[in-house]
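A structural walkthrough
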Amino acid sequence: MNSSNSRRDFLKKTSAATLATLGMGSPLAGLLSSCESKITTTADSVILLFMAGGMAHTETFDPKKYTPFRKGMESKEVLSTFPRIPTKLDDIFFSEGLENIASVMDKGTLIRSYQAADLGHILHTRHQYHFHTCYEPPQSVVVPHLGSWIAKEKGALNPVIPPFINIGQRFTVGEGEELKAFHSAGFLGSEYGPFLIPDPTAGLDAVRPPVGMDTKRFESRNKLYEDLMAAGPMGDFGSDYQKESLKRSMEQAYILLNSPEAKAFDLSQEPKESYDKYNTGKFGLGCLLAKRLVDQGARYITVTTEYEPFFGWDTHDNGHTRLKDMKKMIDVPVAQLIRDLDQSGKLDRTMVILASEFSRDMLTEGRPDLKVKDQVTVPDIIEDLKNYGMHRHFTDGCSILMFGGGIKRGHVFGKTADERPCKTIENPIKIDSIHQTIYHALGIPQELNYEIEQRPFYTTPDGKGKAVLDLLA
């Protein structure tokens, strides 16, 4: 399968789904969200720290035998390119460069058995779509993002703060259109879509008019925007529900614009000592912004290292040297976020998740029993440091960290094999279980659904996702 054809097909079908969704009326609740859930909630807020691009489990939170680089070594020798380090948990090790996160693992759970989906030819944005929506793309409707379901069902903790905030991802790099396909509330309505902050250092710009534009001019421009929307696809195909939802989203933006809470988006307000701890770049400052927004009542936040093909965790070459930089980017701010939330008492009711769309391996593309077409050439003999690292996409053993919001402390779930292929061998867990565990902690029942295209549409496919209670205290 040609990757460009796969991407083109993905876009065509998701574009058709967008038009189909615009034509829908108000979704009919199969289980009224206003009803009191019988689930005892353990979380109020969720922060997803997304390692976009494919974070190798054997190089981060599930290290295997370390083989140092030497010219002339065989690729098949390489399982981990970093030595292991101890964590706060007895006999549990991480790879070198993650010392700070290792020091807070007594506060959370380490999952070592996440299995990503089999979606055929591996395309990052297809797997990211699946991770964030729980549905395999493409679909006949625009599927709501995890954050949108939470925003719709739980509402805002603070009516001024957007209930779903996405920090760090631009749509002007790489596969921008494919990324947009799942950053949506779909049939739930625009008011539950993501409030986008591509750069956390410019977070305040997201809640105020551009420099030089007064309020009156801003209101005039907003009226023009409404006119353009009315004359476009929304006006022609949008249902009354969709139009009202869009109007409410604009009204919420106005409220935020003039509120004292808008200062939470301004990182210059943070004390220098705290700011410096998080300042490892955009991702680190995104973690700081997430902490500030949770303090003000944010419901759901994604902070991403950002997906751009062949950058970041997308290590098709220079895997070892690239991961050194990625670890420097995430290690201190992730640990500091957990410490700060714990110290303030917010961690008890804030679930923090660190995850990636899939893992990596030097040799296996896909999974051992269902290999797919290789997308990178790995030499049998390594002569250059650039070929030392995790180049191929691996879906049969991925690591996820979970903290707070009712998650067990000091717990390890699942196991992968110590020898290649380093696949899951105990307690496999898939995305529908991850989603439903999050929903369960928030008090969103498994049976919740809306009638879309005259059929029930659940938070997980067919409503079959089940919470993994062993992850919860």
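To be clear, the structure that these remarks concern was listed above.
Scope of this entry: the structure provided in the associated data block.

Conventions we followed
Residues numbered from 1 in each chain as written. Predicted model: local features only at pLDDT ≥ 70, side-chain atom pairs only at ≥ 80, totals over all residues. Heavy atoms only, no water. Axes fitted to C-alpha atoms, helices over the stretch in contact; angles between N-to-C directions. Helix = DSSP H or I, 4+ residues; strand = E, 2+ residues; numbered from the N terminus. Parallel < 35°, antiparallel > 145°, perpendicular 65-115°, else oblique. Left-handed = near helix turned anticlockwise from the far one by under 90°. Contact = heavy atoms within 4.5 Å. Nonpolar A, V, L, I, M, F, W, Y, C, P; charged D, E, K, R; others polar. Expected span 1.5 Å × (residues − 1). Buried < 20%, exposed > 50% of the residue type's maximum accessible area, 1.4 Å probe, protein only. Salt bridge = Lys/Arg side-chain N within 4 Å of Asp/Glu carboxyl O. Phe/Tyr/Trp six-rings, centres within 6.5 Å; stacked < 30°, edge-to-face > 60°. Polar contact = N/O pair within 3.5 Å; in protein donor to acceptor, adjacent residues only side chain to side chain. 1 Å grid on protein atoms, 1.4 Å probe; cavity = no way out; pocket = protein on both sides within 12 Å on 5 of 7 lines; lining within 4 Å. Points joined across faces, edges and corners; volume = space filled by probe spheres on them. Core = buried A, V, L, I, M, F, W, Y, C linked by side-chain atoms within 4.5 Å.

Quick look at the packing of helix α4 (residues 146-154) against helix α12 (residues 431-442) now. In helix packing, the relevant descriptors are the interaxial angle and the interaxial distance, both defined with respect to the helix axes. Closest axis-to-axis distance for the α4/α12 pair is 12 Å, and the angle between their directions is 20°. Judged on the interaxial angle alone, α12 and α4 are roughly parallel. Between α4 and α12 lies a crossing of right-handed hand. Of the residues in α12, those touching α4 at Leu146, Trp149, Ile150 and Lys154 are His435, Ile438, Tyr439 and Leu442. For the contact of α4 with α12, a count of residues per class yields six nonpolar, one polar and one charged.

This part takes up α12. Its twelve residues place the ends of α12 17 Å apart at the C-alpha level, agreeing with the 16 Å of an ideal helix rising 1.5 Å per residue. With ten of twelve residues buried, α12 is to be regarded as a mostly interior element. Looking only at α12, the buried set comprises Ile431, Ser433, Ile434, His435, Gln436, Thr437, Ile438, Tyr439, Ala441 and Leu442. In this structure, the buried residues of α12 make contact with β2 (45-50), β6 (108-114), α3 (124-133), α4, β10 (350-355) and β16 (398-403). Of the residues one or two after α12, glycine 443 is the one with positive phi, at around 90°.

Attention now goes to the pattern of salt bridges. Tallied over the full model, the rule gives 25 salt bridges. The shortest N-O distance in the salt bridge between aspartate 348 and arginine 409 comes to 4.0 Å. With aspartate 348 in the loop between α11 (319-344) and β10 and arginine 409 in the loop between β16 and β17 (411-413), this pair connects stretches of sequence that are 61 residues apart. Between arginine 392 and aspartate 374 there is a salt bridge, and its shortest N-O distance comes to 3.4 Å. Of this pair, arginine 392 sits in strand β15 (residues 392-394) while aspartate 374 is found in the loop between β13 (370-371) and β14 (381-382), placing the two residues 18 residues apart along the sequence. The buried category is assigned to arginine 392, whose relative accessible area is 9%. A single network of salt bridges, built from pairs that share partners, joins Asp62, Lys64, Arg112 and Asp418.

Here we come to the packing of aromatic side chains. Between two aromatic rings, the relevant description is the distance of the centres plus the angle of the planes. Taken as a whole and assessed by the stated rule, the structure comprises eleven aromatic pairs. Relative to phenylalanine 457, the ring of tyrosine 135 lies with its centre 4.6 Å away and its plane at 25°, an arrangement referred to as stacked. Highlighted residues: tyrosine 135 in the loop between α3 and α4 and phenylalanine 457 in strand β21 (residues 455-458), separated in sequence by 322 residues. By relative accessible area, which is 8% here, tyrosine 135 ends up buried. Relative to phenylalanine 265, the ring of phenylalanine 195 lies with its centre 5.8 Å away and its plane at 55°, an arrangement referred to as tilted.

Glancing now at the environment of glutamate 357. Examined against the element boundaries, glutamate 357 turns out to sit in the loop between β10 and β11 (359-361). Those residues in contact with glutamate 357 that lie beyond four places of it in its chain are Phe50, Met51, Ala52, Gly53, Gly54, Tyr114, Ala116, His124, His127 and Gln128. One polar contact links glutamate 357 to histidine 124, side chain to side chain, over a distance of 2.8 Å. Among the polar contacts made by the side chain of glutamate 357, one reaches the side chain of glutamine 128 at a distance of 3.0 Å.

Following the sequence through the fold, threonine 364 ends up in the loop between β11 and β12 (366-367). Residue classification places threonine 364 among the buried residues on the basis of a relative accessible area of 6%. Setting aside residues no more than four positions away along its own chain, threonine 364 makes contact with Lys371, Arg392, His393 and Phe394.

Next up on the list: unusual backbone geometry. Of the consecutive residues proline 137 and proline 138, the connecting peptide bond is found in the cis state with omega at -5°. Residue placement: proline 138 occurs in the loop between α3 and α4. The amide bond that connects arginine 420 to the next residue, proline 421, takes the cis arrangement and shows omega of 0°. Residue placement: proline 421 occurs in the loop between β18 (415-416) and β19 (424-426). We note that glutamate 453 has phi near 55°; this positive angle belongs to a residue other than glycine. Among the structural elements, glutamate 453 can be located in the loop between β20 (449-452) and β21.

Moving on, we come to helix α10 (residues 282-295). It helps to recall that an α-helix has 3.6 residues per turn; residues three or four apart then point in one direction. Taking 1.5 Å of rise per residue, the 14 residues of α10 would be expected to cover 20 Å, and the 20 Å separating its terminal C-alpha atoms lies within 8% of that figure. Judged by how many residues are buried, α10 sits mostly within the fold: twelve of 14 residues are covered. Taken together, the buried positions of α10 are occupied by Phe283, Gly284, Leu285, Gly286, Cys287, Leu288, Leu289, Ala290, Lys291, Arg292, Leu293 and Val294. Positive backbone phi, approximately 105°, marks glycine 297, located one or two places after α10.

Attention shifts here to empty space enclosed by the protein. Summed over the entire model, instances satisfying the criterion amount to two cavities of 30 Å³ or more. By volume, the largest cavity is sized at about 70 Å³. Where the lining of the largest cavity is concerned, the elements lending two or more residues are α3 and β9 (300-304). Class assignment of the residues belonging to the lining of the largest cavity gives a composition of five nonpolar, seven polar and no charged. By volume, the second largest cavity is sized at about 30 Å³. Around the second largest cavity, the lining residues are Leu48, Phe131, Leu146, Ile353, Ile434, His435 and Ile438.

In this structure, Leu49, Phe94 and Ile301 are the most contacted members of the largest nonpolar core, which totals 55 residues. In this view, isoleucine 301 contacts Val46, Ile47, Leu48, Ile165, Ile167, Ala290, Leu293 and Val294; residues no more than four positions away in its chain are not counted.

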